[in-house]
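Analysis of the macromolecular model
The residues making up each chain are set out below.
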Amino acid sequence: MAETTRDYPRPLPRRRNSMAAEFYDYCKKHELRFQRCTDCGTWRHVPRDMCAKCGSFNWEWAKSSGKGKVFSWTTVRQPMLPQFADLVPYSPVVIEMEEGVRLVSWIIDVPPEELRLDLPVEVVFDDVTPEVTLPKFRKAT
Ligand SMILES: [Zn+2]
């Protein structure tokens, strides 16, 4: 873990005044939660005000099972930002959670050449700084 957020070498999520900040507040508690419409039950991510299915503005932060599968990925061999140069090659992945929502994340224990569609994964929490925890994934056990 970086000692301070300022020491962390890569970009971090905004942590104030947004629904996304609330998402990361739960990550800091090592809880993966997504918005779920309290009228029709549809899960959604990234955080937003309105349910795309029924138009409701009523929702809750519902706890995810933490389990999902690899939906897609790309392998970066030439970093677009210098902060990522020491990581190449690396593969940002799109995870499809059991709840149906998808998020972009990392898989910590599968090298790019071993990624495959539908690989079962589960969430792990990486406390990258004292203030910021990122949800990442590993092969499901
Ligand atoms: Zn709804």
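Structure report, in brief.

Procedures and definitions
Residues numbered from 1 in each chain as written. Predicted model: local features only at pLDDT ≥ 70, side-chain atom pairs only at ≥ 80, totals over all residues. Heavy atoms only, no water. Helix = DSSP H or I, 4+ residues; strand = E, 2+ residues; numbered from the N terminus. Rg over C-alpha atoms; globule rule 2.2 N^0.38 Å. Buried < 20%, exposed > 50% of the residue type's maximum accessible area, 1.4 Å probe, protein only. Contact = heavy atoms within 4.5 Å. Areas by Shrake-Rupley, 256 points an atom, 1.4 Å probe, with all protein chains shown as cover. Lys, Arg positive; Asp, Glu negative; His and termini not counted. Charge placed at Lys NZ, Arg CZ, Asp CG, Glu CD. Donors = N, O, S within 2.8 Å, 3.2 Å for Na, K, Ca; no water. Tetrahedral: all angles 85-135°; square planar, octahedral: opposite > 155°, others 65-115°. Pairing = 2+ DSSP bridges. Axes fitted to C-alpha atoms, helices over the stretch in contact; angles between N-to-C directions.

As for the overall build of the protein chain
Each helix and strand in the protein chain was counted, giving one helix and eight strands. When the helices and strands of the protein chain are listed from N to C terminus, the series reads α-β-β-β-β-β-β-β-β. For 141 residues, the compact-globule formula gives about 14 Å, and the C-alpha radius of gyration of the protein chain, at 16 Å, lands near that figure. Counting every position in the protein chain, which comprises 141 residues, the buried fraction comes to 38%. Considering only contacts within the protein chain whose residues lie at least 6 apart along the sequence, 53% involve residues at least 24 apart. Accessible area of the protein chain: about 8500 Å², with a carbon and sulfur share of 49%. Charge centroids of the protein chain, computed over 21 positive and 20 negative side chains, lie 2 Å from each other.

Quick word on the coordination of the zinc ion
Coordination of the zinc ion by the protein is provided by Cys37 (SG), Cys40 (SG), Cys51 (SG) and Cys54 (SG), with metal-donor distances spanning 2.3 to 2.4 Å. Classification of the site at the zinc ion rests on its four donor atoms, whose angles at the metal span 104 to 114°, yielding the label tetrahedral. Mapped onto the sequence, the donors of the zinc ion take the spacing C-x2-C-x10-C-x2-C. Within this pair, whereas Cys37 is found in strand E1 (residues 33–37), its partner Cys51 is found in the loop between strand E2 (43–44) and strand E3 (59–63), the two being separated by 14 residues in sequence. On the basis of relative accessible area, Cys37 is assigned to the buried category, the value being 2%. Since its relative accessible area comes to 2%, Cys51 is described here as buried.

Brief notes about the sheet that holds E1
One open sheet holds the three strands; their spatial order is E2-E1-E3, and the pairing between them is antiparallel. A single partner strand is all that each edge strand has here, and the edge strands are E2 and E3. Relative to E2, E1 runs antiparallel, the two being bridged by two bridges. Looking across to E2, one finds that Gln35 is bridged to Arg44. Running at roughly 25° to E3, helix H1 (residues 19–28) makes contact with E1 and E3 of the sheet.

So yeah, pure geometry; function would need other evidence.
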